[in-house]
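Coordinate analysis (summary)
Chain by chain, the residues:
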Amino acid sequence: MLTARINAKPQRFDRVDRVKAVVGEEILPGDDQFWILGEPLVVQVGDERIEIPTGFTTDGASVPRWAHESRGGSRGKTRSDGRGSCTTGSTPSQA
């Protein structure tokens, strides 16, 4: 059984197009489909500590299964304690 716990959740994250508008950068087609972290996201997955850095962008589809499940997503069987912790029956080959 794989266990994931969010140790440090970013308080700032937004769509790329909104960030570019604020900082005065050119908004490109598709920028509204991506999200960017304004602070690091630190996660403990089993015995491994993973830090996703500030500035990381994602389209949502590239988010690992454990991250979807820890937010209450419907990808797979999940038990959550409601405090940023998630337990799933997934194995690494299924993620």
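Predicted model, so just to flag it, every value in this text is computed and none were measured.

1. A word on the confidence of the model for the protein
Looking at the protein as a whole, its pLDDT mean stands at 73, while 63% of the residues score no less than 70. Helix H1 (residues 16-23) holds the highest mean pLDDT among the elements of the protein, 93, whereas strand S7 (residues 78-80) holds the lowest, 37. Note on residues 74-95: pLDDT is under 50 here. Beyond four places in sequence and across chains, it has 44 contacts.

2. Focus: the pattern of salt bridges
All told, the structure shown has five salt bridges when counted by the stated rule. Across the pair Asp-17 and Arg-15 runs a salt bridge, and its minimum N-O distance is 2.9 Å. When its relative accessible area of 12% is taken as the criterion, Asp-17 is described as buried. Salt-bridge contacts for Arg-49 lead to Glu-51; the nearest nitrogen and oxygen are separated by 3.4 Å.

Procedures and definitions
Residues numbered from 1 in each chain as written. Predicted model: local features only at pLDDT ≥ 70, side-chain atom pairs only at ≥ 80, totals over all residues. Heavy atoms only, no water. pLDDT = per-residue confidence, 0-100. Helix = DSSP H or I, 4+ residues; strand = E, 2+ residues; numbered from the N terminus. Contact = heavy atoms within 4.5 Å. Salt bridge = Lys/Arg side-chain N within 4 Å of Asp/Glu carboxyl O. Buried < 20%, exposed > 50% of the residue type's maximum accessible area, 1.4 Å probe, protein only.

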